[in-house]
Amino acid sequence: MSKIEKVPTGEFHSGYGCIIMAAVIGVFSFILWWSYYTLTTMDAAIAAITQTAPATLPPVTAVPELEKRLTDFAAAATEGKPATLKLSVADLNALLLLAPDGGNGSYKDMLRVTSLDATHQTIVTKASLPMNTAKFWEDTKRYLVGEVDFTLVPTELGPDAKVSAVRVPGKTVPEEMVKGMAMYGYLGPYQNDAKLGPVLKAIVKYQVEADGVVLSTVK
C-alpha cells in the first residue's frame, strides 16, 4: 500500500512573515510606550504632593533602659520562655536611633511616631520621606512631608511595618500611590540587624493599644 502524504492545500504568501514581524514590533513598542507613560504619570503624581526640601522633625530622646528590655525579651524568647514587651510612643521613637542607614538615609531623619490608633491597629507617624524621581540620572531631591500610618503584618522574619495610609496637608494622595508604598516593608533594616533581628523573629503576636504596642512570644 502506498504511503499517504499530506499536502497543504493553502497557499503560502511571502507577506505573512512581514505581518508577524510587524505585529511583534507593534506589541514591543506598546510595552515600551506603556512603561514610559506609567513612569511619567506616576512621577507627575509624586511631584504634585512632594516638596524639594525635607522637614525638620523633632529630636529623638533615647530611652536608657530600652536596649536592656529588648535584650531580656530576646533572651527569654531564645530560651523558649513566654515573654511580653510593651513599647510606648517614646520607645518606638528611640528605636529609630537603632535603625541602620539602608542607603536612602536614616529613619531618625524620616519618621516620628506621634500616636497609636488601637481601633485601626495602626502606628501614626509624622514623615519626611525621600521619594524617587523618573529622571534618576539627575541629582534631584524631593520629599513627601505629612502623616503616614503603618500596619504590622506577619512575615517569616517576624512582624513587618507597611504603609496603610498617607496624608499630605492640602493635597490628595492617589490611592495607587499608597498601594505602591504598601508593597514595601519598613522593618527590613531591623530584621537584618544582628541584635534586633532575633527579637523580631521571636514575636508571634502583636497588638496596638492606645498607650503602646504589645509584643509577645506566645500566641
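Definitions and limits used
- Residues numbered from 1 in each chain as written.
- Predicted model: local features only at pLDDT ≥ 70, side-chain atom pairs only at ≥ 80, totals over all residues.
- Heavy atoms only, no water.
- Pairing = 2+ DSSP bridges.
- Helix = DSSP H or I, 4+ residues; strand = E, 2+ residues; numbered from the N terminus.
- Axes fitted to C-alpha atoms, helices over the stretch in contact; angles between N-to-C directions.
- Contact = heavy atoms within 4.5 Å.
- Buried < 20%, exposed > 50% of the residue type's maximum accessible area, 1.4 Å probe, protein only.
- Polar contact = N/O pair within 3.5 Å; in protein donor to acceptor, adjacent residues only side chain to side chain.

Caption draft 1: Representation of the sheet that holds strand S5 (residues 158-167). The four strands are arranged S2-S3-S4-S5 in an open sheet whose pairing can be described as antiparallel. Sheet topology places strand S2 (111-117) and S5 at the edges, where each strand pairs with a single neighbour. Each strand axis lies, on average, 35° off the axis of its neighbour in the sheet, ignoring direction. Strand direction decides the pairing type here: strand S3 (residues 122-130) and strand S4 (residues 143-155), joined by nine bridges, are antiparallel. If you follow Thr 122 over to S4, its bridge partner there is Thr 151.

Caption draft 2: The sheet that holds strand S1 (residues 84-87), seen in detail. Spatially, S1-S7-S6 is the arrangement adopted by the three strands of the open sheet, whose pairing is antiparallel. In the strand order of this sheet, the two ends are held by S1 and strand S6 (205-209), each with one partner. Sheet twist, expressed as the mean angle between neighbouring strand axes with direction ignored, is 15°. Sheet strands in contact with helix H2 (residues 66-78) are S1 and strand S7 (212-216), and its direction is about 155° off that of S1.

Caption draft 3: Spotlight on the side chain of Asp 149. Within the secondary structure, Asp 149 sits in strand S4. The exposure class of Asp 149 is buried, given its relative accessible area of 9%. A polar side-chain atom of Asp 149 sits 2.8 Å from a polar atom in the side chain of Arg 167. The contacts of Asp 149, once residues within four sequence positions are left out, are Thr 122, Ile 123, Val 124, Lys 162, Val 163, Ser 164, Ala 165 and Arg 167.

Keep in mind these values describe shape, not function.
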